[in-house]
Structures are given as C-alpha cells and as structure tokens.
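Chain by chain, the residues:
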Amino acid sequence: MMLEAACGPGHVCGVDEAGRGPWAGPVSAAAVILDPARIPKGLNDSKKLTAKARAALEVEIKSVAIAWCVGLASVDEIEELNILHAAGLAMRRAVEGLAVTPSFALVDGNYRFKLPCEVKTVIKGDSLSCSIAAASILAKEARDRIMVEMDSVYPGYGFAGHKGYHAAIHVEGLRRLGPSPIHRMSWAPVKLALAGELALGEAAFEDGIEG
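Residues numbered from 1 in each chain as written. Predicted model: local features only at pLDDT ≥ 70, side-chain atom pairs only at ≥ 80, totals over all residues. Heavy atoms only, no water.

Q: When you look at helix α7 (residues 168-177) in this model, what are you seeing that I'm missing?
A: Every α-helix carries 3.6 residues per turn, so stepping three or four residues along brings you back to the same face. Considered for burial, the residues of α7 that qualify are His170, Val171, Gly173 and Leu174. Taken end-on, α7 shows its buried residues confined to a sector of 160°, consistent with a single buried face. As for α7, its buried residues are in contact with α6 (159-162) and α8 (188-194). Where α7 terminates, the next one or two residues include Gly178, which has phi positive at roughly 80°. (Buried < 20%, exposed > 50% of the residue type's maximum accessible area, 1.4 Å probe, protein only. Helix = DSSP H or I, 4+ residues; strand = E, 2+ residues; numbered from the N terminus. Arc of directions from axis to C-beta. Contact = heavy atoms within 4.5 Å.)

Here it is as structure tokens:
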C-alpha cells in the first residue's frame, strides 16, 4: 500500500465506481479504508477477477476493512446530472457514509471529484492501489446484485447476464418491449436500439465510460 502510505497520517480511503457505461441501472461507488495489517490477498481491478474471486473478496474486504460504504446514484440522477457527475455523487455518498472519517481519498481515474476530504486521482488506480481495488470490487458486486434483482422486476432484457451493457438479448428486449423504467433514455445506444438502427450483433459501445 505504498500509495496509501504516501498520503501521510490519517485514514486513507480508496474510491472507485461501477456502471458508468451500461444502458440501464444506477451507477455505484464504494469507499474502503483498509487495515494495513490485514490486506486481503488477490486484490485487483474487479474487471480482471472472476465472479467467484470477486464474491469471495467482497466478503473478506467487508470483514477486515476498517470501514467501507457503497453509494448509489439513480437513473433519474444520471439523466439530470450526466453520468460523470452522477458517478461523483455516488462517490461522495460512499465517502460520507464511512463509519470512520478519512483524511485522504485515492480516486480511480483522472477526474477530481469534490469529496469531503483531500483527493488524489490515480489513473488505473484499481491496479495500483489495494484500497482502490477493494472499492472497485465492492462497487461492482453491489451493482451486479441490483441488476440481477432488476431482471426479475423487468424480465425480458437479460439484466442478470449483461448487467445493463450491450448484448443481443438486451437489444432484442428493447425492440420488443420498449424501455424499462431503469433504462437511461438519453443514451445513444438505447435510442438506436429502439429505432431499430442498432444491429443485434453490432460491436458493443457505450455512451459513457466503461466501469
């Protein structure tokens, strides 16, 4: 945890988000303050881990961390604020929800969101910082669970499988059923799919930033 140590005295939290790129569902963010003496083995960018490894690490992170919290920003907030600022809102909620107040936040990426403590941005931070990696895992696992739940609420889109990203079943569901209440209606791919202008097998793209 060399990045964390370089931040000086006080508690340092890692912050990361999940769900900036999907066509549906909220954006989530997590803040994690790790105990330097109890760092879970195998921490990495959540996207580089198997589902089984993420699930196991989520349990361990929550059991050994000094503090952790997950924050969300809704589809309505995404549409109102835009995805970047909604992600920042979710991050702020996560940091403010920590049981221990951090003195410093390491945030994945290069955008300096306004948080209730000092901030240092770290490009590819989920591969460089244990606490950011831990946050990426909690954020993704929390959002994935929500999308699995949404699959039963709004069946026919395949949310449990693709979690709101581009997939043939998602495009077909949009065409057949129209948008659900959790679709991001301003997203260009959603508009194209509804208009029948997005091919089922077309290469995936997101109106946003993958995460």
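From this point, things continue past the structure.
Q: Which parts of the structure should I look at to understand the packing of helix α2 (residues 51-64) against helix α5 (residues 130-153)?
A: Helices that pack against each other are described as a pair by the angle of their axes relative to one another and the distance between those axes. One way to put it is that α2 packs onto α5 with a least axis distance of 9 Å and a crossing angle of 115°. Helix-helix and strand crossings are classified by hand; for α2 and α5 the assignment is left-handed. Contacts between α2 and α5 involve Arg54, Ala55, Leu57, Glu58, Ile61 and Lys62 from the first element and Ala134, Ile137, Leu138, Lys140, Glu141, Asp144 and Arg145 from the second. Grouping the constituent residues of the contact of α2 with α5 by class yields six nonpolar, no polar and seven charged. (Axes fitted to C-alpha atoms, helices over the stretch in contact; angles between N-to-C directions. Left-handed = near helix turned anticlockwise from the far one by under 90°. Nonpolar A, V, L, I, M, F, W, Y, C, P; charged D, E, K, R; others polar.)

Q: Can you help me understand the sheet that holds strand β3 (residues 67-73) in this one?
A: Hydrogen bonds along the backbone pair up the strands of a sheet, which may run parallel or antiparallel. As summarised here, the arrangement of the five strands in space is β3-β2-β1-β4-β5, forming an open sheet in which the pairing is mixed. Each having just a single partner strand, β3 and β5 (118-122) make up the two edges of the open sheet. Here the strands of the sheet are splayed against their neighbours by 20° on average, with no regard to which way each runs. Across the sheet, helix α4 (residues 83-96) is in contact with β1 (12-18), β2 (27-33), β3 and β4 (104-108); its angle to β3 comes to roughly 150°. Contacts from α5 reach β1, β2, β3, β4 and β5 within the one sheet, and its direction differs from that of β1 by about 35°. (Pairing = 2+ DSSP bridges.)

Q: Hey, could you run me through the confidence of the model for the protein chain in this one?
A: Detailed reading of the predicted coordinates is not advisable wherever pLDDT is low. Chain-level pLDDT for the protein chain is 90 on average; 91% of the residues reach the 70-or-more range. Segment residues 202-211: pLDDT under 50, and 30 contacts once partners within four positions in sequence are set aside and those in other chains are kept. (pLDDT = per-residue confidence, 0-100.)

Q: For this particular structure, what's the right way to read the pairing of β2?
A: A regular strand carries its side chains on alternate faces of the sheet. Burial of β2 is extensive: seven of the seven residues sit out of reach of the surface. Where β1 meets β2, five bridges bridge the pair, whose relative direction is antiparallel. Directly across from Val15, in β2, lies its bridge partner Ala31. When β2 meets β3, the two strands line up antiparallel, connected through seven bridges. Bridging from a neighbouring strand, Val27 pairs with Ala73 of β3.

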